[in-house]
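Architecture and fold: a report
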Amino acid sequence: MAGFGWKLHGDGKSLAPGEVVRPDERLTWGRTAGLGAQHVVSMIGACFVAPILMGLDANLAVMASGVATILFLLITRGRIPSYLGSSLSFIGVAAVIKTQGGDAATLTGALLVVGAVLFLCGAVVRALGARVIHAVLPPVVTGAVVMLIGFNLAPVTAGTYWPQDQWTALLTMLFTGFALVVLRGFWSRIAIFLGLAFGYLISWVFDRVFGKIHSPAGGTESVDHWRLDLSGVAKADWIGFPTFHAPSFSLSAVLVALPVVIALIAENAGHVKAVGEMTGDPLDDKLGTAIMADGAATVMATSVGGPATTTYAENIGVMAATRVYSTAAYWCAAGFAILFGLCPKFGAVVAAIPGGVLGGITVILYGMIGLLGAQIWVRSRVDLSNPLHLVPVAAGLIIGIGNVSLTLTDNFELSGIALGTLIVVIGYHALRIMAPAHMTDEPPLLEPDNPGYDRGLPGGS
């Protein structure tokens, strides 16, 4: 099956108790299109926040996500239902590259290399089997790297977004937390989007009631400015192409970005495992293909100036709630995303998100990215009382979160995410060679009694 020719499930209108619509089946086209639209809405908050936080074109990001999803479905031949949205794991990378003097082209060049490496990793997994992931990247290592990627972002929130409007940030944070915890079903899956909408409203109300705010605007010195500036929305066209740009390549930028490959492998492994369990069709044999597809999609997206792509937990939630795993719905979702990308006015609305709103959203979002690493440890029963686990993780986390640097030459240094990842990966494998046997026993990553990676966090990573 090449991903087309879906069979109509039953009458195409309803599901009996316990039934699921499998990837090669579909409901009526009207219902399928509606499910596709729901998939786009479910991840709109986190997916479209990512390019804004990285300084990339939001319209191009959403268009690229649609094309990336189509590419993923073609490469996996319709067996793995998935939407590929903008990866949040690279936000810290973007911040570091910016401080190094890099621009958007430097960032997308680094992400393109990451996509190529991810593709090669997928090819290795496809050739050698899923167990190679456990051998090279056991849960203790993967969890630590995902954790330091998330927590390394704390200074971005504290120094750039929160100070722009602390009260809007606080209220947005509280409302988003409420939406994530208290709301149920579909509404909880679009909690980030609801938080953005709430922040927009609060910013508009504060502008009307209190007037302009005197604070840093976009990380600059304090000035008087409106919290919500919609002037760009009024000027934007309804129909038009996004802004493309070619990537440029810098070794230092590539080294900063490469550790995120580990997080992307973890995300894809979790997605494939979750879909296989929900559909009753084990897909471990397709893990390498899925990783290759994500790598190819990232190369495609970044080659024209878009962000890297990844699977999204929100779409897992939509499938679990509806019991519809039809890849036809994802083709529809991709079509909707491409149409959104052709609307500059939509991109202008996204670009106008007030800094204080981003402050409130990112406090939760960045923390959740970091805690996904802890969930990997918990789900995989990682024993942190084992010195083999504790020592490299402890050192790598402090280096990554504290942004410690190591100067190698006058013009080159390793720091933060890159250095922390090297400490964890190299430190773990070097110590494992010398460790006594009782320290090296670990549960296999993809065994039935080990659920592997948790996919419960919004925004994929």
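Residues numbered from 1 in each chain as written. Predicted model: local features only at pLDDT ≥ 70, side-chain atom pairs only at ≥ 80, totals over all residues. Heavy atoms only, no water.

1. Focus: the pattern of salt bridges
A complete count under the given rule lists four salt bridges for this structure. Residues Arg-79 and Asp-285 are paired through a salt bridge, measuring 3.7 Å at the closest nitrogen-oxygen approach. A residue pair is termed long-range when its members are at least 10 positions apart, and Arg-79 in the loop between helix H3 (58-75) and strand E3 (84-86) and Asp-285 in the loop between helix H14 (260-279) and helix H15 (287-303) qualify at 206 residues. On the basis of relative accessible area, Arg-79 is assigned to the partly exposed category, the value being 24%. Close ionic contact of Asp-207 with Arg-227 constitutes a salt bridge, the shortest N to O distance being 3.1 Å. Here the residue Asp-207 occupies a position in helix H11 (residues 191-210), and Arg-227 occupies one in the loop between strand E5 (222-225) and helix H12 (231-235), the gap between them amounting to 20 residues. Classification of Arg-227 as buried rests on a relative accessible area of 12%. Residues participating in the shared-partner salt-bridge network are Asp-165, Asp-207 and Arg-227. (Salt bridge = Lys/Arg side-chain N within 4 Å of Asp/Glu carboxyl O. Helix = DSSP H or I, 4+ residues; strand = E, 2+ residues; numbered from the N terminus. Buried < 20%, exposed > 50% of the residue type's maximum accessible area, 1.4 Å probe, protein only.)

2. Notes on the confidence of the model for the protein
With 90% of its residues at a pLDDT of at least 70, the protein reaches an overall mean of 82. Per-residue pLDDT stays below 50 along residues 444-458; that stretch engages in 52 contacts with residues further than four places along the chain or on separate chains. (pLDDT = per-residue confidence, 0-100. Contact = heavy atoms within 4.5 Å.)

3. Looking at the nonpolar core
If you look at the biggest cluster of nonpolar residues, it comprises 100 residues, and the most contacted ones within it are Phe-90 and Tyr-366. With 11 residues, H14 is the single largest residue contributor to this core. Setting aside chain neighbours within four positions, we find Phe-90 in contact with Met-54, Leu-111, Val-114, Ala-257, Val-260, Leu-264 and Ala-308. Counting five residues, the second-largest nonpolar core is a separate cluster that includes Val-21, Leu-27, Val-324 and Ala-329. (Core = buried A, V, L, I, M, F, W, Y, C linked by side-chain atoms within 4.5 Å.)

4. Focus on helix H19 (residues 355-379)
Each full turn of the α-helix corresponds to 3.6 residues, which orients residues three or four apart in the same direction. Taking 1.5 Å per residue as the helical rise, H19 with its 25 residues ought to reach 36 Å, and the 35 Å between its terminal C-alpha atoms agrees with that figure. Counting buried positions along H19 gives 19 out of 25 residues, so the element sits mostly inside the fold. Arg-381 sits one or two positions beyond H19 and adopts a positive phi of about 55°. (Expected span 1.5 Å × (residues − 1).)

5. Section: the packing of aromatic side chains
In this structure the tally under the stated criterion is four aromatic pairs. With 6.3 Å between their ring centres and 40° between their planes, Phe-175 and Phe-178 make a pair best called tilted. In this pair, Phe-175 and Phe-178 both sit in helix H9 (residues 166-182), three residues apart, roughly one turn of the helix. Centroid distance Phe-175 to Phe-198: 4.3 Å. Interplanar angle 5°. Geometry classified as stacked. Note that Phe-175 is positioned in helix H9 and Phe-198 in helix H11, a separation of 23 residues in sequence. (Phe/Tyr/Trp six-rings, centres within 6.5 Å; stacked < 30°, edge-to-face > 60°.)

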